[in-house]
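Given next are the chains, with one letter for each unit.
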Amino acid sequence: MREGKYIVNTIEYEVELPKLMRRRLKQFGAEWIMNGADCGRDFVAVRIEDEVSLELWVKAVCEILSKDIAHFEIARLINFIPISLEEKQLALPEAVRSARGIDMSAEMKAGIMKHYADYEHLNLEGFLRFRMQKLLGGWAVCVEEAAENVMFREKYLELMDVLSEYVRPRLCGVQEVVVIIHPDGSCTLTDDSNARIDCAASSEDGVISLLIGLAPAKITVYDLSLGRNSLLAEAIGRVFEDRVKLFY
């Protein structure tokens, strides 16, 4: 290993890097590495003289890149997608959630080790864009899929608005239907005669068709999915409007 000064910095990301480094080092029981560090808002410089300290420092840098910095880079990628600002705001959290499933920590750690073997200074955004292009490619796929999902959702809900014009004048059938959306996204429908229908996750069209056929005077929706199937709850609200009571 190279003994001496090790520096990490950022030019673009709006973060307080010393706080992030201290928090991530503390996560590994190595906050002491920051003792005597030279710090500014956007850089940290420390002296490392042994391999154990270097290993812990590199692990902390990996955590910052993969967890703290990721959403900044994903937001930058979303800005290249030709959708509205509102659609970008909806797509961002979904893209970040998907990106968390990409694990390239081993490759990242090896790359940081290799970089520090030759250089004392590591720039976060430069390392990501020049050394971790495969990871950025994975994040770009997450961004594209999230944007497509947002656009699909909007088109689907627009269709539900049109469908509500058909449903509104229809005579009511059963008095009440209760829809329970389960944590896994599946749902259960029961009516006032205690008939029960279980529906799989991602079966929004089938559930809406069932409800149109039943033509209930009142629909009570209990969404226990914590937003995993919010599309179904919103679609029911769009189609049946004032007949719906929604509980989260």
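Before going into details, it helps to say that this report is about the structure given with it. Since this is a predicted model, take the numbers as computed values, not measurements.

With that settled, the discussion passes to helix 2 (residues 51–68). With 18 residues, helix 2 ought to run about 26 Å at 1.5 Å a step, and its terminal C-alpha atoms sit 25 Å apart, in line with that. Considered for burial, the residues of helix 2 that qualify are Ser 53, Leu 54, Leu 56, Trp 57, Val 58, Ala 60, Val 61, Cys 62, Glu 63, Ile 64, Leu 65 and Asp 68.

A word on the sheet that holds strand 2 (residues 38–40). Sheet strands associate in pairs through backbone hydrogen bonding, adopting either a parallel or an antiparallel arrangement. Pairing in this open sheet of four strands is mixed, and the strands run 2-3-1-4 from one edge to the other. The two strands at the open ends of the sheet, each matched to only one other strand, are strand 2 and strand 4 (121–123). Taken pair by pair, the neighbouring strands of this sheet meet at an average axis angle of 15°, ignoring direction. In this structure, strand 1 (residues 4–9) lies alongside strand 4, joined through three bridges in parallel fashion. Each bridged residue has a counterpart across the sheet, and for Asn 9 the counterpart in strand 4 is Asn 123. Against the sheet, helix 2 contacts strand 1, strand 3 (43–48) and strand 4, and its axis sits at roughly 160° relative to strand 3. Relative to strand 4, helix 5 (residues 105–118) is tilted by about 140°, and along the sheet it contacts strand 1 and strand 4.

Most of strand 1 is tucked away: five of the six residues are buried. Sheet topology note: the strand 1/strand 3 ladder contains six bridges and is antiparallel. What sits directly across from Val 8, in strand 3, is Val 44.

Calculation notes
Residues numbered from 1 in each chain as written. Predicted model: local features only at pLDDT ≥ 70, side-chain atom pairs only at ≥ 80, totals over all residues. Heavy atoms only, no water. Helix = DSSP H or I, 4+ residues; strand = E, 2+ residues; numbered from the N terminus. Expected span 1.5 Å × (residues − 1). Buried < 20%, exposed > 50% of the residue type's maximum accessible area, 1.4 Å probe, protein only. Pairing = 2+ DSSP bridges. Axes fitted to C-alpha atoms, helices over the stretch in contact; angles between N-to-C directions. Contact = heavy atoms within 4.5 Å.

Such coordinate-based values are descriptive only and should not be taken to indicate function.
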